[in-house]
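Here's the letter readout for the chains.
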Amino acid sequence: MNEIKFSCKRCGNCCRVPGFVHISKTEGKRIAEFLKLDFLDFKKKYTEWILFVGRVLKGNEDSSCIFLKDNSCMIYPVRPEQCRTFPYWKNILNDTSELKYVKEYCKGIE
Ligand code: SF4
Ligand code: SF4
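Right, let's walk through the structure included here. Remember, predicted model here, so these are calculated numbers, not experimental data. (Residues numbered from 1 in each chain as written. Chains lettered and ligands numbered in written order. Predicted model: local features only at pLDDT ≥ 70, side-chain atom pairs only at ≥ 80, totals over all residues.)

## A few points about the site of ligand 2
Around ligand 2 sit C8, K9, R10, C11, G12, N13, C14, F86, Y105, C106, K107 and G108, and those are all the residues in its vicinity. Split by residue class, the shell around ligand 2 holds six nonpolar, three polar and three charged. (Near = placed C-beta within 6 Å. Nonpolar A, V, L, I, M, F, W, Y, C, P; charged D, E, K, R; others polar.)

## Considerations on the site of ligand 1
Residues in close proximity to ligand 1 include C15, V21, L57, C65, F67, L68, C73, I75, R79, P80 and C83, which together make up its full environment. Residue composition of the shell around ligand 1, by class: 10 nonpolar, no polar and one charged.

## Observations concerning the packing of helix α1 (residues 25-34) against helix α2 (residues 39-46)
Interaxial distance between α1 and α2 falls to 9 Å at its minimum, and their mutual angle equals 100°. For the element pair α1 / α2, the angle class is roughly perpendicular. Across the interface between the two elements, G28, K29, I31 and A32 of α1 pack against F39, F42 and K43 of α2. Residue composition of the contact of α1 with α2, grouped by class: four nonpolar, one polar and two charged. (Axes fitted to C-alpha atoms, helices over the stretch in contact; angles between N-to-C directions. Helix = DSSP H or I, 4+ residues; strand = E, 2+ residues; numbered from the N terminus. Parallel < 35°, antiparallel > 145°, perpendicular 65-115°, else oblique. Contact = placed C-beta atoms within 7 Å.)

## Observations regarding the environment of F6
One can find F6 in the segment before α1. F6 sits in the exposed class, given 12 other C-beta atoms within 10 Å. For the pair F6 and P87, spaced 81 residues apart in sequence, the C-alpha to C-alpha distance is 8.1 Å. Apart from the residues lying within four places of it in its own chain, the contact partners of F6 are P87, G108 and I109. (Buried ≥ 20, exposed ≤ 12 C-beta atoms within 10 Å, placed from the backbone.)

## A short note on the pairing of strand β2 (residues 54-57)
Pairing between strand β1 (residues 47-50) and β2: four bridges, direction antiparallel. Within the sheet, the bridge partner assigned to I50 lies in β2 and is G54. What sits between the antiparallel neighbours β1 and β2 is a turn of three residues, in which F52 has the positive phi angle 70°. (Pairing = 2+ DSSP bridges.)

## A few points about the nonpolar core
C15, V21, I23, I31, A32, L57, C65, F67 and I75 form the largest nonpolar core, which has nine residues in total. The residues contacting F67, other than those within four sequence positions of it, are L57, C73, M74 and I75. (Core = buried A, V, L, I, M, F, W, Y, C linked by C-beta atoms within 7 Å.)

See below:
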């Protein structure tokens, strides 16, 4: 398993890299409440269903997350688990080539 030394530099790159931010129903309800939105309105406006992937946050045209504004997360206190646990993901910890790729955009990893 790869050892990671990590301290976030708040560059926002992980919120811009192409990919999916998965979101559970519980997480969606928490975010909707935080945004003071009806859950179904939240789902429609900010999420999409991708075949074989599931429910994910929408992205902007430049592939950044829809919640990234001025390099900050608009929903930081209630951001999804996937965002909270980065970069301590199994595939990064278990795969050296994946870690190498992630290090290219995340300068918080030593
Ligand atoms: S929800 Fe917030 S932390 Fe997660 S990718 Fe979007 S902007 Fe980044
Ligand atoms: S890419 Fe790494 S250093 Fe930059 S905000 Fe994301 S976790 Fe922090």
